[in-house]
Structure formats: structure tokens, C-alpha cells
Amino acid sequence: MTNNLRLKEVIRGKILYYLALIYPQPATLPLLQGELDIFGYPVSTEQLNFHIAYLTEKGLVSVEQKRGPKSARDIALVKITAKGIDYYDGRLPADEGVYLEPKRS
């Protein structure tokens, strides 16, 4: 059980890491899913939605629904918030639900 909890924390940290890299641009869910796969943390759509909802409730990311260019359905765009950047940069206290790898000096 502990390994599963740690994995969830690491995945949330990887989401913040990637969103901080592309800031101020947002990411689509498929793009985030692909990046997590590249990082070695493949997740299902349901798992990704769970992590994004968690990070949104913590105020670390925001989700905006935009109309797709050639589709009738909305596309979710995920963006790191200012609070998320502060957390990623280590200016906020550690949160047990999100693990960030130590930054190299």
C-alpha cells in the first residue's frame, strides 16, 4: 500500500514538473499522459483525471475547458498556477500528497 501511495505522490510531482517546464503554456490531458509515459509513469485516463482533480483542489494547477478547433467537444487545458510554481520552486512547505525530486545545485 505504501508503494502505491508513493507512486501517486511521484506522479503528481512529475505533472507539476512538466507543467512548470512549459509554463505559461497549458497542456492537454493526452499530452500530459504521453509525457508521464515518457518519464516512465504510464497512467490511465481515469488515473490522470484523479491526479489532476487532486492537484486542482490543492490549488497547484487549474483546468480550463476550451472548444476544440475542429470538434464539437471541449478540450481540457491544464496549467500550473502561481501557487504551483511556488510549491515546485520550494517556496511552500512540503505536501505529503505531492513528491518533488530534490533539485540539483
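As a starting point, this report considers the structure included with it.

What counts and what doesn't
Residues numbered from 1 in each chain as written. Predicted model: local features only at pLDDT ≥ 70, side-chain atom pairs only at ≥ 80, totals over all residues. Heavy atoms only, no water. Salt bridge = Lys/Arg side-chain N within 4 Å of Asp/Glu carboxyl O. Helix = DSSP H or I, 4+ residues; strand = E, 2+ residues; numbered from the N terminus. Buried < 20%, exposed > 50% of the residue type's maximum accessible area, 1.4 Å probe, protein only. Expected span 1.5 Å × (residues − 1). Arc of directions from axis to C-beta. Axes fitted to C-alpha atoms, helices over the stretch in contact; angles between N-to-C directions. Parallel < 35°, antiparallel > 145°, perpendicular 65-115°, else oblique. Contact = heavy atoms within 4.5 Å. Nonpolar A, V, L, I, M, F, W, Y, C, P; charged D, E, K, R; others polar. Phe/Tyr/Trp six-rings, centres within 6.5 Å; stacked < 30°, edge-to-face > 60°. Lys NZ or Arg CZ within 6 Å of the ring centre and 35° of its normal.

**With respect to the pattern of salt bridges**
This model, assessed by the stated rule, comprises six salt bridges. For Arg 6, the salt bridge goes to Glu 9, with nearest N and O atoms at 3.0 Å. Residue Arg 6 and its partner Glu 9 are located together in helix H1 (residues 2–22), separated by three residues, close to a single helical turn. Ionic pairing is found between Arg 91 and Asp 89, a salt bridge with its closest N-O pair at 3.2 Å. Look at Arg 91 and you get exposed, because its relative accessible area is 53%.

**Regarding helix H3 (residues 45–57)**
Along an α-helix, a turn takes 3.6 residues, which lines up residues three or four apart on a common side. Taking 1.5 Å as the rise per residue, H3 with 13 residues should run 18 Å; its terminal C-alpha atoms sit 18 Å apart, in good agreement. What H3 keeps buried is the set Leu 48, His 51, Ile 52 and Leu 55. The buried side chains of H3 occupy one side of the element, clustering within an arc of 100° when seen end-on. Exposed residues lying more than 90 degrees from the buried face of H3 are Glu 46 and Glu 57.

**Digging into the packing of helix H2 (residues 29–39) against H3**
Across the interface, H2 lies against H3 with an axial gap of 11 Å and an inter-helix angle of 105°. One way to sum up the angle between H2 and H3 is to call them roughly perpendicular. On H3, the residues touching Leu 29, Leu 32, Gln 33 and Leu 36 of H2 are Thr 45, Leu 48, Asn 49 and Ile 52. Broken down by class, the residue content of the contact of H2 with H3 amounts to five nonpolar, three polar and no charged.

**Things to note about the packing of aromatic side chains**
Taken as a whole and judged by the stated rule, the model has two aromatic pairs. Between Tyr 17 and Tyr 88 the ring centres are 6.3 Å apart and the planes differ by 50°, which places this aromatic pair in the tilted class. Within this pair, whereas Tyr 17 is found in helix H1, its partner Tyr 88 is found in helix H4 (residues 82–88), the two being separated by 71 residues in sequence. Among the aromatic residues, those joined into a cluster by ring pairs are Tyr 17, Phe 39 and Tyr 88. The ring of Tyr 17 has Lys 14 lying over it, and the distance from NZ or CZ to the ring centre is 6.0 Å. Residue placement shows Lys 14 over the ring face of Phe 39; its charged tip is 5.8 Å from the ring centre.

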